[in-house]
Structures are given as C-alpha cells and as structure tokens.
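Structural characterization, general
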Amino acid sequence: MMREWLYLLSEPVIAAIDLMALLLIACATLHVFIRVVWLVLKGQWSDGHERRALWLGYARWLVAGLTFQLAADIVESSVAPSWEAIGQLGAVAVIRTFLNYFLERDLAEVRERELGSRHEAAR
C-alpha cells in the first residue's frame, strides 16, 4: 500500500523534473544557436575569446540540465529500482562528472589567460 502510494506520487515528480531538464537544455541550445548565427553574420565568429565564452556558458547549462536528469533518475531508481534505471543513473552520473571536470578545467584556463592579460596590460 505505502509503496504503491509512493510510486504514484513519484511519477509526476519525475516527469516535472525531466521537463525542467528539457526546458533548460532546449532554451540554452536555442540561445547559443541564435548567438552563433549572430556572430557569424557580424563576422565576429573568428574571435576566439567570444566563441570560447559562448561554449563554456553552453556547457554550464548542459551540466545543469544533466543534473536535473540525474535528480529524476535518482527519484525513479529509489522508488522502483531496476537494472535499467540503475544503469541510466550511472551513465548520467558519469557523463555529468566528465563534463563538470572538463568545464572546470576550461574555466580555470580561461581565468589564467584573463589574469595574464590583465597583468600584461597593467605593465
């Protein structure tokens, strides 16, 4: 009885969290697409700094979307654990971990470049 109630309650929660992830990723993708087209049309696509900042911002939104998907998978696997659900949870966790690692590495690299540029400009 309690398990059935928990399962019924978790279904709309999982759907809502998945919808949030979808909206985050779709909106970020649309924004980046429009920005890329705009930069290309203005002839500024060759600006490496602008392009890198755009992709880093997009990666942040993708990580946010993956985090929401991970939350939905955690809820789903805690209520009705199956090998398939656990496998999906593991895959999303691994992808998110790798994306986060590379994003943080790229952000640190950008910060170092900007700091170096500021020190050279101050001289």
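Let me begin by describing the structure that accompanies this report. (Residues numbered from 1 in each chain as written. Predicted model: local features only at pLDDT ≥ 70, side-chain atom pairs only at ≥ 80, totals over all residues. Heavy atoms only, no water.)

Remarks on a nonpolar patch on the surface
The condition that has to hold: The patch calculation keeps residues exceeding 30% relative accessible area without a salt bridge and links them within 9 Å when they carry like charges or within 5 Å when they are nonpolar (Val, Leu, Ile, Met, Phe, Trp, Tyr). We get accessible surface area from the Shrake-Rupley algorithm with a probe of 1.4 Å; when it comes to residues, only the shown protein chains can shield them. Should a side-chain nitrogen of Lys or Arg be within 4 Å of a carboxyl oxygen of Asp or Glu, the pair is scored as a salt bridge. Helix and strand assignments follow DSSP, with helices taken as H or I runs no shorter than four residues and strands as E runs no shorter than two, numbered in order from the N terminus. Type-normalised accessible area, obtained with a 1.4 Å probe on protein chains alone, sets the label of each residue: buried when under 20%, exposed when over 50%, and partly exposed for intermediate values.
Nonpolar side chains collect at one region of the surface, where Leu30, Phe33, Ile34, Val37 and Leu41 lie side by side and expose about 530 Å² of accessible area between them. On the secondary structure map, Leu30 appears in helix 1 (residues 2-42). By relative accessible area, which is 51% here, Leu30 ends up exposed.

Focus on the side chain of Ser10
We count it as follows: Any two residues whose heavy atoms approach within 4.5 Å are treated as being in contact.
Among the secondary structure elements, Ser10 is positioned in helix 1. The residues contacting Ser10, other than those within four sequence positions of it, are Val75 and Val79.

Notes on the packing of aromatic side chains
So the rule is basically this: Side-chain rings of Phe, Tyr and Trp, where Trp is taken by its six-membered ring, are said to pair if the distance between their centres is within 6.5 Å; with planes under 30 degrees apart they count as stacked, over 60 as edge-to-face, and otherwise as tilted.
In total, this model carries 4 aromatic pairs according to the counting rule given. Centre to centre, the rings of Trp45 and Trp55 are 6.2 Å apart; their planes meet at 90°, and the pair counts as edge-to-face. Here Trp45 is found in the loop between helix 1 and helix 2 (48-79), whereas its partner Trp55 is found in helix 2, with 10 residues between them in sequence. Residue Trp55 is classed as partly exposed on the basis of its relative accessible area, which comes to 39%. Judged by centre distance (6.5 Å) and plane angle (15°), the ring pair of Phe98 and Phe102 falls under stacked.

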